[in-house]
Amino acid sequence: MENILWQHIQHLKNSVPLIHNITNYVVMNNTANALLAAGASPIMAHAQSEIEDMVTICQALVVNIGTLDEYWSMSMINAAKKANELGKPWILDPVGAGATSYRNEIIAKLLELKPTIIRANASEIMALAKVSNLPTKGVDSTAKSNEAIEAAKLLTKEFASVVCISGETDIILGKDQKLSLKNGNALMAKVTGLGCSASAITAAFAAIIEDKFEATSAAMALMGVCGEIAAKNSAGPGSLQLNLLDKLYNITENEFITHLKIGE
Ligand SMILES: Nc1ncnc2c1ncn2[C@@H]1O[C@H](COP(=O)(O)OP(=O)(O)OP(=O)(O)O)[C@@H](O)[C@H]1O
Ligand SMILES: Cc1ncsc1CCO
Ligand SMILES: [Mg+2]
């Protein structure tokens, strides 16, 4: 598995797919930089007049509801419909799922359009599957990844081909597949939007890899290993953000293979 994932990482750097992001104001800049560093080409666009043309020229789409509003939600729905029509992969990042009824209403509409991949933290995954009575604290998770496995399984059956629960352990679930990745560092949760970057990088791999379970695994492995190495050389969240970009750009095969921790 390690070698296949490394080949996918090389493949991304050689392919430079164009990734359309409808994402939140908070993370636009770090997400674009993370995509560039990993080897993709980002474009952030949400105007309704161009949304369908943009989906048409891009190889994958990210729908991230972080700073949702009434105008953007229409752009998201139209973009997802166009991606489905063209058979292009699209990734849903349901930031803050469960926090408000408006968010839940838009998420329900997006789920009906069957995202190719869902990437979210454990609280959000449980909110999506409506199996949780836990209060959400907004965009940060209050639960552990393994508490959301049943919820994620429901989502793979009902809506998405692949679901990733991120956190201390990242768990990737396909229809009959499961992979746990135990990389990363707790400091990663102190930089805003690294989950959003993980979702965008997942879109980049989905653009070039037919098998979406492997694409999601490659993305989360790359983020986890790079974040872990970067955190060791960082005094705090500020330098982690910069060091992570550098590591996404210059990670070597040896670093990747020796650090990767695949669980059961
Ligand atoms: N405690 C932790 N230990 C190791 N890695 C972590 C930890 N928490 C988060 N990560 C890593 O940080 C990245 C982002 O995941 P996280 O679950 O924090 O996303 P998120 O909650 O959606 O973040 P955001 O909404 O700020 O984008 C993933 O690569 C994940 O593996
Ligand atoms: C802090 C925050 N608020 C809305 S989106 C976002 C970025 C992390 O998801
Ligand atoms: Mg998030």
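Residues numbered from 1 in each chain as written. Chains lettered and ligands numbered in written order. Predicted model: local features only at pLDDT ≥ 70, side-chain atom pairs only at ≥ 80, totals over all residues. Heavy atoms only, no water.

An unreviewed UniProt entry lists the protein chain under the name Hydroxyethylthiazole kinase, with Zunongwangia pacifica given as the organism. The annotation that UniProt attaches to the protein chain under Function (unreviewed entry) is "Catalyzes the phosphorylation of the hydroxyl group of 4-methyl-5-beta-hydroxyethylthiazole (THZ)." Word for word, the UniProt comment on the protein chain under Pathway (unreviewed entry) is "Cofactor biosynthesis; thiamine diphosphate biosynthesis; 4-methyl-5-(2-phosphoethyl)-thiazole from 5-(2-hydroxyethyl)-4-methylthiazole: step 1/1." (UniProt positions renumbered as here; feature names shortened; annotations may be inferred.)

Along its length, the protein chain carries 11 helices and 8 strands. For a compact globule of 264 residues, the expected C-alpha radius of gyration is about 18 Å, and the protein chain comes in at 17 Å, within 12% of that figure. With respect to the three principal axes, the spread of C-alpha positions in the protein chain is 45 × 40 × 35 Å. Among the 264 residues that make up the protein chain, the fraction classed as buried is 55%. The long-range fraction of contacts in the protein chain, counting pairs at least 24 apart against all pairs at least 6 apart in sequence, stands at 70%. As displayed, the protein chain has an accessible area near 11,000 Å², and 51% of this comes from carbon and sulfur atoms. The centroid of the 21 positive side-chain charges in the protein chain is displaced by 3 Å from the centroid of its 26 negative side-chain charges. (Helix = DSSP H or I, 4+ residues; strand = E, 2+ residues; numbered from the N terminus. Rg over C-alpha atoms; globule rule 2.2 N^0.38 Å. Buried < 20%, exposed > 50% of the residue type's maximum accessible area, 1.4 Å probe, protein only. Contact = heavy atoms within 4.5 Å. Areas by Shrake-Rupley, 256 points an atom, 1.4 Å probe, with all protein chains shown as cover. Lys, Arg positive; Asp, Glu negative; His and termini not counted. Charge placed at Lys NZ, Arg CZ, Asp CG, Glu CD.)

Attention shifts here to the pairing of strand β6 (residues 162-166). Counting buried positions along β6 gives 5 out of 5 residues, so the element sits mostly inside the fold. Pairing analysis gives 5 bridges linking strand β5 (residues 117-121) to β6, with the strands arranged parallel. In the strand pairing of β6, isoleucine 117 is matched with valine 162. For β6 and strand β7 (residues 170-173), the ladder comprises 3 bridges, and the chain directions are antiparallel. (Pairing = 2+ DSSP bridges.)

Moving on: the pairing of strand β2 (residues 41-44). Alignment of strand β1 (residues 18-22) against β2, held across 4 bridges, turns out to be parallel. Paired with histidine 20 across the bridge in β2 is isoleucine 43. Traced from β1 through helix α2 (residues 28-38) to β2, the parallel crossover comes out right-handed. (Right-handed = clockwise from strand over helix to strand, strands pointing away.)

What follows deals with the environment of serine 234. With respect to the helices and strands, the residue serine 234 is situated in the loop between α9 (212-232) and α10 (237-250). Residue classification places serine 234 among the buried residues on the basis of a relative accessible area of 15%. Considering only alpha carbons, one finds serine 234 and alanine 120, 114 residues apart in sequence, at a separation of 25 Å. Not counting residues within four places of it along the chain, the set of residues in contact with serine 234 comprises Ser239, Leu240 and Asn243.

The next subject is the UniProt feature "binding site: substrate" (unreviewed entry) in the protein chain. The positions UniProt marks with the feature "binding site: substrate" (unreviewed entry) are Met44 and Gly193. Assignment of secondary structure puts methionine 44 in strand β2. Ignoring sequence-local partners within four residues, the contact set of methionine 44 consists of Asn21, Thr23, Met28, Thr31 and Ala32. Looking at the secondary structure, you find glycine 193 in the loop between β8 (178-181) and α8 (194-208). A residue is classified by how much of its surface remains accessible, and glycine 193, at 12% relative accessible area, is buried.

Before going further, it helps to spend a moment on the site of ligand 2. With respect to spatial proximity, 8 residues lie near ligand 2, and among them Asn24, Gly66, Val95, Thr192 and Cys196 are the closest. With the chains in place, 75% of the 290 Å² that ligand 2 exposes on its own is no longer accessible. A class-by-class count of the residues in the shell around ligand 2 yields 5 nonpolar, 3 polar and no charged. (Near = heavy atom within 4 Å. Nonpolar A, V, L, I, M, F, W, Y, C, P; charged D, E, K, R; others polar.)

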